[in-house]
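Summary of the model geometry
Read off the chains here:
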Amino acid sequence: MSKRRAGSSDDITAATLVSSSSTKEITGVRIIGDGTSAIDSFARALNDSEFSDVTFKVAHKEYHAHRCILASRSDVFRSMLFTSGMKETREHEIVIDDVDPDNFYTILLWAYTGIAKLAAREVLGVLKLASCYDFPDLVEHCRELALGFIDAPNVLSLLNAAIELGEEDIAHKSLKFM
């Protein structure tokens, strides 16, 4: 039996369904639903301890999650939770140091739903974590948001964070705004 990896060409993906749904019919097959009920279910599953198999302790907060969901969305989580042989592959509680707990929760929520709600003060912190945990789509969204958040009240904090993260485009546009 060959091992199939998520995202292989023979998988039906959400992108395939969305692009296919505009035609309404593909060789006698109709696409139904928009995925919102599944997204809602996954959002409810996050931080529900009943069926979770891993707990992240981040500062003073705990987040209950599911290894398979995280591994399906991120190669970093896949390695950390399943294949690396690191202690995290065996532990049920994982301590994450030096990370803002709300930003980490945003990463988890993105993994579960593909949705994030971000303010100017947190966008570059989430960008850093999205890069660290290999969520390139979230990285790009954060970059776009950060550029949109450049205004008088936010420019200095965005500039400092952009310099610290090596985000040259955001730093350059922040300087230009000043």
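These numbers come from a predicted model, not from an experiment. (Residues numbered from 1 in each chain as written. Predicted model: local features only at pLDDT ≥ 70, side-chain atom pairs only at ≥ 80, totals over all residues. Heavy atoms only, no water.)

1. Notes on the pairing of strand 4 (residues 61–65)
Quick reminder of the rule: Paired strands, in this sense, are two strands between which DSSP finds at least two bridges. Helix and strand definitions here come from DSSP, where helices need a minimum of 4 consecutive H or I residues and strands a minimum of 2 consecutive E residues; each element is numbered from the N-terminal end.
Two strands pair when backbone bridges link them, and strand 3 (residues 54–58) and strand 4 are joined in this way by five bridges, in the antiparallel orientation. Counterpart to F56 in the pairing with strand 4 is Y63. Linking strand 3 back to strand 4 in an antiparallel pair, the connection comprises two residues, with A59 at a positive phi of about 55°.

2. A short note on the confidence of the model for the protein
For clarity, the threshold we go by: Each residue gets a pLDDT score, which is the predictor's confidence in that residue and runs from 0 to 100. We call two residues contacting when some pair of their heavy atoms lies within 4.5 Å.
Confidence in the prediction of the protein, expressed as mean pLDDT, is 86, and 85% of residues score 70 or more. In the predicted structure, residues 1–12 sits below a pLDDT of 50 and forms seven contacts with residues beyond four places in sequence or in another chain. Below pLDDT 50 for its whole length, residues 19–23 participates in three contacts with residues either more than four positions away or in separate chains.

3. Observations regarding the side chain of H66
Heads up, the condition is: Buried, partly exposed and exposed residues are distinguished by accessible area as a fraction of the type maximum, computed with a 1.4 Å probe on protein chains only: under 20%, between the cut-offs, and over 50%, respectively. Pairs of N or O atoms within 3.5 Å make up the polar contacts considered here, provided that, within protein, one atom can donate a hydrogen while the other can accept it, and that residues adjacent in sequence are counted only when both atoms are side-chain atoms.
The topology assignment puts H66 in the loop between strand 4 and helix 3 (67–73). Look at H66 and you get buried, because its relative accessible area is 11%. Among the polar contacts made by the side chain of H66, one reaches the side chain of Y112 at a distance of 2.6 Å. Residues contacting H66, with those up to four places away along its chain left out, are A45, F51, S52, D53, V54 and Y112.

4. Quick look at helix 6 (residues 120–132)
Restricting attention to buried positions, one finds in helix 6 the residues A120, E122, V123, L124, V126, L127, L129 and A130. Its buried side turned inward, helix 6 meets helix 5 (101–113), helix 7 (136–148), helix 8 (155–165) and helix 9 (168–177). Positioned one or two residues after helix 6, D134 has a phi angle of 65°, which is positive.

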